[in-house]
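# Summary of structural features
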Number of protein chains: 2
Amino acid sequence: MITTDGNTACAAIAHKLSEVIAIYPITPSSPMGDLADNWSANSRPNLWGAVPQVIEMQSEAGAAGTVHGALQRGALATTFTSSQGLLLMIPNMYKIAGELLPTVFHVAARTVATHALSIFGDHSDVMACRGTGFAMLCAGSVQEAGDFALLSHAIALESRVPVLHFFDGFRTSHEIARIEPPGEALIREMVRDEWLQAHRERALSPDRPVMRGTAQNPDVYFQSREAVNPFYSNLPGIVVAAMERFAALGGRSYRPFDYAGAPDAERVLVMMGSGAEAACDVIDDLNAAGARVGIIKVRLFRPFSDEHLLAALPPTVQRIAVLDRTKEPGAAGEPLYQDVVTALAEHLGFGGTHLPKMPLVVGGRYGLSSKEFTPGMIKAVFDNLATAVPKNHFTIGIHDDVGHTSLAWDPGFETTAERSCHAAVFYGLGSDGTVSANQNTIRIIGEETGQYAQGHFVFDSKKAGAVTVSHLRFGPAPIRASYAIGTGQAEFVGCHQTNFLDNYELLDKARPGATFLLNAPWPPEEAWDRLPQHIQAYILDKKLVFYVIDAYRVARQNGLGRRINTIMQTCHLALSGLLLPDVAIAHIKASVAASYRSKGGSILESNFAAIDQAYENLHAVPVPDRLTATHGKRQLVPENAPAFVREVTSALLAGMGDSLPVSRMPVDGTWPL
Amino acid sequence: MITTDGNTACAAIAHKLSEVIAIYPITPSSPMGDLADNWSANSRPNLWGAVPQVIEMQSEAGAAGTVHGALQRGALATTFTSSQGLLLMIPNMYKIAGELLPTVFHVAARTVATHALSIFGDHSDVMACRGTGFAMLCAGSVQEAGDFALLSHAIALESRVPVLHFFDGFRTSHEIARIEPPGEALIREMVRDEWLQAHRERALSPDRPVMRGTAQNPDVYFQSREAVNPFYSNLPGIVVAAMERFAALGGRSYRPFDYAGAPDAERVLVMMGSGAEAACDVIDDLNAAGARVGIIKVRLFRPFSDEHLLAALPPTVQRIAVLDRTKEPGAAGEPLYQDVVTALAEHLGFGGTHLPKMPLVVGGRYGLSSKEFTPGMIKAVFDNLATAVPKNHFTIGIHDDVGHTSLAWDPGFETTAERSCHAAVFYGLGSDGTVSANQNTIRIIGEETGQYAQGHFVFDSKKAGAVTVSHLRFGPAPIRASYAIGTGQAEFVGCHQTNFLDNYELLDKARPGATFLLNAPWPPEEAWDRLPQHIQAYILDKKLVFYVIDAYRVARQNGLGRRINTIMQTCHLALSGLLLPDVAIAHIKASVAASYRSKGGSILESNFAAIDQAYENLHAVPVPDRLTATHGKRQLVPENAPAFVREVTSALLAGMGDSLPVSRMPVDGTWPL
């Protein structure tokens, strides 16, 4: 097992199975192209011993064109993209699919810019391509991003239908998890040389001249367009066979539609992507409490196989909620919702007997632009299904006081799985090393204790220099909590910068009795009094244990400048109790040694010294029984600012934007100054 | 009333209601940009007395960006495009709709390139944009292309939601028809100054600084995206009001979904675009024969208004066929089909009472890449609905012997409306003047006789130099026959080039007793014997009246070089009996005079002389009672050509490609040499 993120898990497979990789960077898919470029620069070979050629183009349109050309020449070609990048590939995608060229486009799914740009995750980009003729496979976790990358390449090569393989941008692309990546032997078994050979034989070649890329007239275009049908009708069978082969070879078990939950469920959720993982935890709890609920996880979105959907659906189902992570204003319904309605209506309209009658199907939108999708929200979707007249075309995750689409939810609802995890939250500056230290911690805990671990990193779109919140979970079972650590759920809160104290509610996530570690240039005896009032109040209310370290001084004294990441990491491991301190230190030193291997001895010694000194400089701060603060939370905008700035902009600055209702939002992206 | 084509009818309105027109040429929308550019170059003012600025960009992506920028500055901006051009606009379309910028994109809908490029018409380009948030209005005729252009601009300005206005490429964009264009007074009444003023006040301006085009994070993006909902929920009401205002002001009467047919229909067709016009003729005949059938013409495709669909549908409906002019391989169903299924399932699932139970809904594809959609095909779609288990996901218009999706149809089925028309077919060379002469004939007949007229021109994608077939209809009522003149339906066949005789079945379209006019350099007494056997056989079998003229000689003798168009036009009018010969000649001369006004006297005199001599050189050819041909149809490929070339390629060369079944088509666009 390895500790990695979704982009890396996916790119490793794509690089292994490609000869030409055309790239153009776009968040959050950029690391895939970056990794592939690095691997090829370091002569890492693909499955057949050749080093893939990585070509950066002028835009994603060029990358798609490069893939198209390489495929026609008989090469194995792939690309990585997101959002607007994917939109630029659309024209070539129609061509590639129409010409039955086996490629995989790996997509870290991201919001398409509308009233505002967003670098975050939803399925609006992928949905813009659903008419192209690409097959579409959706991975819901880091593990699946690797597994489905492999399945996608195998399926494309066998079927000749190109595959768009996607997973949730940032949520899955950047999540760190312990996974079992498909090994070389498994990869080799999944991709048969005869398919590759057939692809080679279809290559354009002066030795076997044919004409492609013609223009057709009304006389034969329609017939030609229908000639492709058997490739699509055969595809679900090929996917099932590939998934079964994958499982038989020691991989995990998947189906085009995977059902989980009560075998006699009355209420069923249908969705795809990372949110389905969290839903499984909720469903386990609801069923344990006597409910009859379940979920269909959509893996194969295109071709949409009615037959496999029906087979997966318990015949007891009465009501279905279909969740789409996209919005198409003016549509009769979001895409997956309409697909499910259509499949069921056809089944019953044509005398199908799997279901006794048409279930009531409702559709909802969730998670646009990486909006959190939490257990409380999932439960609200099931609760809506249990009402006399469920709301249709609802939203979940926001408060819509304009169109009144939103469902209310309980933000405190917590799953059993979540309670069994150790959760830790860290506030660092973008690019200050906090994220990589936390990634390292996950690796250490995973490898040393065998526990499952998850790291999720909430970046600001300003990227470098803004606050970055790391969410770490450790637990005995695979972690399916595909949402940020919520209010009152963290056993540990680390704050790496004192200026965050005055601006943010950064202890709202602490559980009662949790540990709070602060990096501050204050003697321990002054630390309490220096805190602003809202931080003191949290500590008192939740009876937190409070530690302080002057990590910048330790770093400086050891010649590390402002690099405090390993110091803070050492303190976290010491305080968390996840490992014995000596063991933790040995691992941290080993990984520092690995990181700085090429930099020579003195930087290693400085780091080792700083790690050792971390303990000595870590101080428990005595917490009095009352507030002593001399200042409160910083007022982020002047009192005489315009009402919009005071009420809306300042909420964003304070990290409280989630609480703003729809009515406070400009309708057209116009932001008052 | 004027005689014009769909592109011109649409562009005239767009030019009248715009200040900035960004263009990039792409077939079949190019004439719209071309016309707008010409009008502005000639200082033709818009409604407010200003001359629109026409800007040609480097691509359609730039044109969309130009529109976006102009709108943000408060200008009225529009563009015209098709197919791949529209795909390049998609990223900007999401932005324009997200920012609620009122524009209209006028689209001559065209096939998106897949296994092959096609310049012909279907809705695959428009469907690729259905997630963007643009409203979509579909015009089904030349009249509607003008009317809906006006409605689109008015609706966009009032609602702030941008509109994609589309009509069928070539079928509507290039069809010539007699229409009543919206007049200046009607246009002025439809577009209120207060909407324009509001648009101006939203313009980005240093006098009222605001911020737009921001990036948003997960905290507020979702809420902001939902803030736009009221604009979409209000839109159908705005559309209805605009349509009612348009009718009240003397325009025609439209609704978001227009129903035609039996008020107690059991079988109902749902479709949009030009094919719905032909369907109305078929429905009239079927109902006259005792059937209970009808059609919903979809005008407002987005936002898709369930309420208005339900209100338009007769509650007696038992079965519905939804026809889509697009194909999305792997989808659960084509877009309009899924919308209708969703709307009905929601209505009944939530206790709606307009329908007693769920009708059986089937979907089919038709007309891809301008494949003909004829009365026989329309009847076959209704016949399918009457079978015990109607075929779903069918195709109509091809013979699918692979996936067995196709419905069989009777190619001889003819409507009463069609039989009441005078139909004439002309075979000319691309760019030889045949098309413009026929356009001129339509104007003359329309203006002189008050008859309705239609001209449809079947171009080869090679454009100049290839065969172009003109289909002309004249009749007492508006002509809804949105299909080419079929086998045995033409009262008149003109062949302007003798080399077509040996290659094509060009008399298959002649009715029994029809007139055949041939331009040939043969004395009348030789003409019969010179014909190939299959042409002689048609003349004998159908008892055609056969005329010949050496139009090239007449042209040459009058100094007109190879320009035979007015000579052939004169012969057609003389033989057709549509006008008295003297009247016809006077009109032709008048239009020649108008065309060559700027060229001076001698060219006019030459044309007049040629027109006068046309009669003298027109000869009836005596037809014997038996075949005398010394040669047959030309063999277009050598006998030793590969089987594919003999059986498939040669059928295309012979103009018989329509008859090729799916099994003869390469699956991936690979064409053997």
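Computed from a prediction, not measured in an experiment: that's the story for all the values here. (Residues numbered from 1 in each chain as written. Chains lettered and ligands numbered in written order. Predicted model: local features only at pLDDT ≥ 70, side-chain atom pairs only at ≥ 80, totals over all residues. Heavy atoms only, no water.)

As a further point, take the overall build of chain A. Looking only at helices and strands, one finds 24 helices and 23 strands in chain A. Computed over the C-alpha atoms, the radius of gyration of chain A is 26 Å, within 12% of the 26 Å expected from 2.2 N^0.38 for a compact globule of 673 residues. Projected onto its principal axes, the C-alpha coordinates of chain A cover approximately 85 × 65 × 50 Å. Out of the 673 residues in chain A, the part that is buried amounts to 65%. Accessible surface computed for chain A: about 22,300 Å², of which carbon and sulfur atoms make up 53%. Charge centroids of chain A, computed over 55 positive and 67 negative side chains, lie 1 Å from each other. (Helix = DSSP H or I, 4+ residues; strand = E, 2+ residues; numbered from the N terminus. Rg over C-alpha atoms; globule rule 2.2 N^0.38 Å. Buried < 20%, exposed > 50% of the residue type's maximum accessible area, 1.4 Å probe, protein only. Areas by Shrake-Rupley, 256 points an atom, 1.4 Å probe, with all protein chains shown as cover. Lys, Arg positive; Asp, Glu negative; His and termini not counted. Charge placed at Lys NZ, Arg CZ, Asp CG, Glu CD.)

Quick look at the pairing of strand β21 (residues 510–519) of chain A now. Residue and element names in this part refer to chain A. A large share of β21 lies buried, amounting to eight of its 10 residues. Pairing of strand β20 (residues 490–495) with β21 involves five bridges; the strand directions are parallel. Note on β21: the bridge partner recorded for C495 is L518. Here β21 runs beside strand β22 (residues 545–549); their pairing, made up of five bridges, is parallel. Of the residues in β22, the one forming a bridge with L517 is Y547. (Pairing = 2+ DSSP bridges.)

Next up on the list: the confidence of the model for chain A. Caution applies to low-pLDDT regions: their predicted coordinates should not be interpreted in detail. Taken over all residues, the pLDDT of chain A has a mean of 95, while the share at 70 or more is 99%. Across the interface, the model reports ipTM at 0.97; the global pTM reads 0.97. (pLDDT = per-residue confidence, 0-100.)

All names here are of chain B. Strand order in this open sheet of seven strands is β3-β2-β4-β5-β7-β6-β12, and the pairing throughout is mixed. Each of the sheet's edge strands pairs with one partner strand only, and the pair in question is β3 (53–56) and β12 (300–302). Strand after strand, the sheet turns through a mean of 20° between neighbouring axes, direction not considered. In this sheet, strand β4 (residues 77–81) lies alongside strand β2 (residues 20–23) in parallel orientation, the contact comprising three bridges. (Axes fitted to C-alpha atoms, helices over the stretch in contact; angles between N-to-C directions.)

Our next topic: the side chain of D5(B). Residue and element names in this part refer to chain B. By secondary structure assignment, the location of D5 is in strand β1 (residues 2–5). Buried charged residue D5 carries no salt bridge. Nearest counter-charge: R443, at 7.5 Å. At 2.5 Å, the side chain of D5 and the side chain of T8 are in polar contact. (Salt bridge = Lys/Arg side-chain N within 4 Å of Asp/Glu carboxyl O. Polar contact = N/O pair within 3.5 Å; in protein donor to acceptor, adjacent residues only side chain to side chain.)

Under the counting rule described, the total for this entry stands at 22 aromatic pairs over all chains. Ring centres of F246(A) and Y254(A) lie 6.2 Å apart, and the angle between their planes is 25°; this geometry places the pair in the stacked category. Residue F246(A) shares its accessibility class with Y254(A), and that shared class is buried. Summarising the aromatic geometry, the rings of Y366(B) and F373(B) are spaced 4.5 Å apart at their centres and angled 50° between planes, so their arrangement reads as tilted. The pair formed by Y366(B) and F373(B) is uniform in burial state, with each residue classed as buried. Every member of this aromatic cluster is reached through a ring pair, and the members are F120(A), F170(A) and F459(A). (Phe/Tyr/Trp six-rings, centres within 6.5 Å; stacked < 30°, edge-to-face > 60°.)

On to the environment of L157(A), then. Note that L157(A) resides in helix α6 (residues 142–159). The sequence separation of L157(A) and L348(A) amounts to 191 residues, and the corresponding C-alpha distance is 35 Å.

Turning next to the environment of H106(A). Residues and elements named next belong to chain A. Tracing the chain through its elements places H106 in strand β5 (residues 104–109). Take H106: its relative accessible area is 0%, and that puts it in the buried class. Apart from residues lying up to four places away in sequence, H106 is in contact with C10, A14, M32, T78, T79, F80, T81, A149, H153 and H165. A polar side-chain atom of H106 sits 2.9 Å from a polar atom in the side chain of H153. (Contact = heavy atoms within 4.5 Å.)

Taken together, the contacts link 103 residues of chain B with 103 residues of chain A. Surface buried jointly by chain B and chain A totals about 9,200 Å² across both partners, of which 61% is contributed by carbon and sulfur atoms. When residues of chain B are sorted by the area they lose upon contact with chain A, H115(B), Y221(B) and F222(B) head the list and together hold 8% of the total. Where chain B meets chain A, there are six salt bridges. The salt bridge involving E226(B) is made with R365(A); its shortest N-O contact spans 2.8 Å. For the pair chain B and chain A, the interface holds 49 residue pairs in polar contact (both at pLDDT 80 or more). Going through the elements one at a time, α4 (83–98), α9 (221–226), α10 (229–233), α14 (335–349), β14 (360–366) and β15 (394–396) of chain B are the ones with two or more residues in the side of chain B that touches chain A. Partitioning the side of chain B that touches chain A into residue classes produces 54 nonpolar, 30 polar and 19 charged. (Buried area = accessible area lost by both parts, 1.4 Å probe. Nonpolar A, V, L, I, M, F, W, Y, C, P; charged D, E, K, R; others polar.)

Take the nonpolar core next. In this structure, L164(A), I296(A), V340(A), L164(B) and V340(B) are the most contacted members of the largest nonpolar core, which totals 215 residues. Among all residues touching I296(A), those that are not within four sequence positions of it are F257(A), D258(A), Y259(A), V268(A), L269(A), V270(A), M271(A), L309(A), A312(A) and L313(A). Grouped together as the second largest cluster of nonpolar side chains are 39 residues, I176(B), L517(B), L560(B) and I564(B) included. (Core = buried A, V, L, I, M, F, W, Y, C linked by side-chain atoms within 4.5 Å.)

The strands that make up a sheet pair up through hydrogen bonds in the backbone, lying either parallel or antiparallel. Strands sit in the order β9-β11-β10-β13-β14-β15-β16 (chain B) across an open sheet of seven strands; the sheet is mixed. Edge positions in the open sheet fall to β9 (257–261) and β16 (406–407) of chain B, since each of these has one partner strand only.

Once that is clear, we can look at the packing of helix α6 (residues 142–159) of chain B against helix α11 (residues 235–248) of chain B. All names here are of chain B. Between α6 and α11, whose axes approach to 10 Å, the crossing angle comes to 135°. Classified by the angle their axes make, α6 and α11 are oblique. Seen along the crossing, α6 lies across α11 with a hand that is right-handed. Counting all contacts with α6, which are made through D147, L150, L151, I155, E158 and S159, the residues of α11 involved are L235, I238, V239, A242, M243, R245 and F246. Here the contact of α6 with α11 is composed, by residue class, of nine nonpolar, one polar and three charged. (Parallel < 35°, antiparallel > 145°, perpendicular 65-115°, else oblique. Left-handed = near helix turned anticlockwise from the far one by under 90°.)

So, on to the pairing of strand β4 (residues 77–81) of chain A. Residues and elements named next belong to chain A. Counting buried positions along β4 gives five out of five residues, so the element sits mostly inside the fold. Looking at chain direction, β4 and β5 are connected through four bridges and run parallel. Residue pairing in the sheet places T81 in a bridge with V107 of β5. Note that the unit made of β4, helix α4 (residues 83–98) and β5 has a crossover that is right-handed. (Right-handed = clockwise from strand over helix to strand, strands pointing away.)

What follows covers the relation of the copies chain B and chain A. Laying chain B over chain A is done by rotating through 180° and shifting 0.0 Å along the axis; what remains is an RMSD of 0.1 Å. Such values leave the two copies arranged in the relation of a two-fold axis. The fraction of interface residues of chain B whose copies in chain A are also interface residues reaches 100%, indicating that both copies meet through the same surface. (Least-squares fit on C-alpha atoms with pLDDT ≥ 70 in both.)

If you walk through the whole model with that rule in mind, you get zero disulfides over all chains. As a non-bridged cysteine, C280(A) has C138(A) as the owner of its nearest cysteine sulfur, 13 Å distant. The exposure class of C280(A) is buried, given its relative accessible area of 3%. You can see C495(B) has no disulfide; the closest cysteine sulfur is in C571(B), sitting 13 Å from it. (Disulfide = S-S within 2.5 Å.)

Pairing of side chains with opposite charge becomes possible as their charged atoms draw close. Tallied over the entire structure, the rule returns 66 salt bridges over all chains. Measuring nitrogen to oxygen at the nearest pair gives 2.7 Å for the salt bridge that ties D668(A) to R160(B). Here R160(B) lies in the loop between α6 and β7 (163–168) and D668(A) lies in the segment after α24 (643–653), a pairing that spans two chains. Across this residue pair, the class does not change: D668(A) and R160(B) are buried.

Turning our attention to α11(B). Owing to its 3.6 residues per turn, the α-helix aligns residues three or four sequence positions apart on the same side. Residue and element names in this part refer to chain B. Between the first and last C-alpha of α11 there are 20 Å, a value that for 14 residues agrees with the 20 Å anticipated at 1.5 Å per step. Listing the buried residues of α11 in full gives L235, P236, I238, V239, V240, A242, M243, R245 and F246. Two residues or fewer past α11, G250 is found with a positive phi of approximately 105°. (Expected span 1.5 Å × (residues − 1).)

As a further point, take the side chain of Q569(A). All names here are of chain A. Following the sequence through the fold, Q569 ends up in helix α21 (residues 565–576). On the basis of relative accessibility, which here comes to 5%, the residue Q569 falls in the buried class. Dropping the residues within four chain positions of it, Q569 is found in contact with A437, N440, T441, I444 and I588.

All names here are of chain A. Between the first and last C-alpha of α4 there are 22 Å, a value that for 16 residues agrees with the 22 Å anticipated at 1.5 Å per step. Judged by how many residues are buried, α4 sits mostly within the fold: 14 of 16 residues are covered. Phi for L100, located one or two positions after α4, is positive at around 55°.

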